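As a plain string of letters, each chain reads:
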Amino acid sequence: MPRWVWRFYLRNLPLVVGLSLVPSVQRLAVVSGWVSDGIAVASEVVVALTRLLLVVCIARIGLRGVRVRWAAFRGFAKAHWLSLVWQCVLLAVAFLVFDVVLEGVVGGLLPEGARRSYLAVLLFVKNPTVIALTFIWWVGLVRRTSGVAEVRR
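Remember, predicted model here, so these are calculated numbers, not experimental data. (Residues numbered from 1 in each chain as written. Predicted model: local features only at pLDDT ≥ 70, side-chain atom pairs only at ≥ 80, totals over all residues. Heavy atoms only, no water.)

Asks: Before we move on, can you summarise helix H2 (residues 13–32) with the specific residues and values?
Replies: Over its 20 residues, H2 runs 27 Å from end to end, which matches the ideal 28 Å to within 8%, given 1.5 Å per residue. Where H2 bends most, the angle comes to about 30°, and this point is Leu 21, followed within four residues by the proline Pro 23. Residues of H2 that are buried include every one of Val 16, Leu 19, Ser 20, Pro 23, Ser 24, Gln 26, Arg 27, Ala 29 and Val 31, and no others. On the buried face of H2, the contacting elements are helix H1 (2–11), helix H3 (37–62) and helix H6 (112–146). (Helix = DSSP H or I, 4+ residues; strand = E, 2+ residues; numbered from the N terminus. Expected span 1.5 Å × (residues − 1). Bend = angle between axes of the 7 residues up to and from the residue. Buried < 20%, exposed > 50% of the residue type's maximum accessible area, 1.4 Å probe, protein only. Contact = heavy atoms within 4.5 Å.)

This is how it looks when you write it as structure tokens:
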């Protein structure tokens, strides 16, 4: 999975980063306090729609040539349960590092003035990297666990 995710990410970098820049810029602007509350709320709708579009694009590309059969998931889970556990562990570690440690702990150690800028930059970077890679990972997981007639990419 990690290899497939990384190859997918690099192969589709302009699409993934391009769509991810919308939430990145929005987070930077909102957390930095550059926009009013009304615009911040409206921009959340744009972010949600952009992320939905990103997931749809990733799914269309990542599942091309693959027929998803949810019944196949049970067989995969039974045969490869340890792989699924490790994938959950990897995602949990990513969450701990980026959300708990970098955002919560490190951000909490900074003075108030620096905290806002640090968080704005961190969220700007997380959108085209951590968040996009997580979306790709989930689509790859569907592809791997439930895909039939898988086409190697």
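Here the narrative resumes.
Asks: Explain the packing of aromatic side chains residue by residue, including any values.
Replies: Within this structure, the stated rule accounts for two aromatic pairs. Ring centres of Trp 6 and Tyr 9 lie 5.6 Å apart, and the angle between their planes is 20°; this geometry places the pair in the stacked category. Placement of the pair is Trp 6 and Tyr 9 together in helix H1, with a separation of three residues, close to one helical turn. According to the relative accessible area criterion, Trp 6 is partly exposed, its value standing at 46%. (Phe/Tyr/Trp six-rings, centres within 6.5 Å; stacked < 30°, edge-to-face > 60°.)

Asks: For the pattern of salt bridges, give the residues involved together with the corresponding values.
Replies: If you walk through the whole model with that rule in mind, you get four salt bridges. Between Lys 126 and Asp 99 there is a salt bridge, and its shortest N-O distance comes to 2.4 Å. Note that Lys 126 is positioned in helix H6 and Asp 99 in helix H5 (residues 81–109), a separation of 27 residues in sequence. Across the salt bridge formed by Arg 115 and Glu 112, the nearest N and O atoms sit 2.8 Å from each other. Of this pair, Arg 115 and Glu 112 both sit in helix H6, three residues apart, which is roughly one turn of that helix. Given the relative accessible area of 29%, Arg 115 is considered partly exposed. Overlapping salt bridges, with partners in common, bring together Asp 99, Glu 103 and Lys 126 in one network. (Salt bridge = Lys/Arg side-chain N within 4 Å of Asp/Glu carboxyl O.)

Asks: Lay out the nonpolar core in plain terms, naming residues and giving numbers.
Replies: Counting residues in each nonpolar core, the largest one holds 13 residues, and the members touching the most others are Phe 8, Val 16, Leu 54, Ile 58 and Ile 136. Taken together, the elements giving at least two residues each to this core come down to H1, H2, H3 and H6. Residue contacts for Ile 136: discarding those within four places in its chain leaves Trp 4, Val 5, Phe 8, Tyr 9, Val 16 and Ile 58. (Core = buried A, V, L, I, M, F, W, Y, C linked by side-chain atoms within 4.5 Å.)

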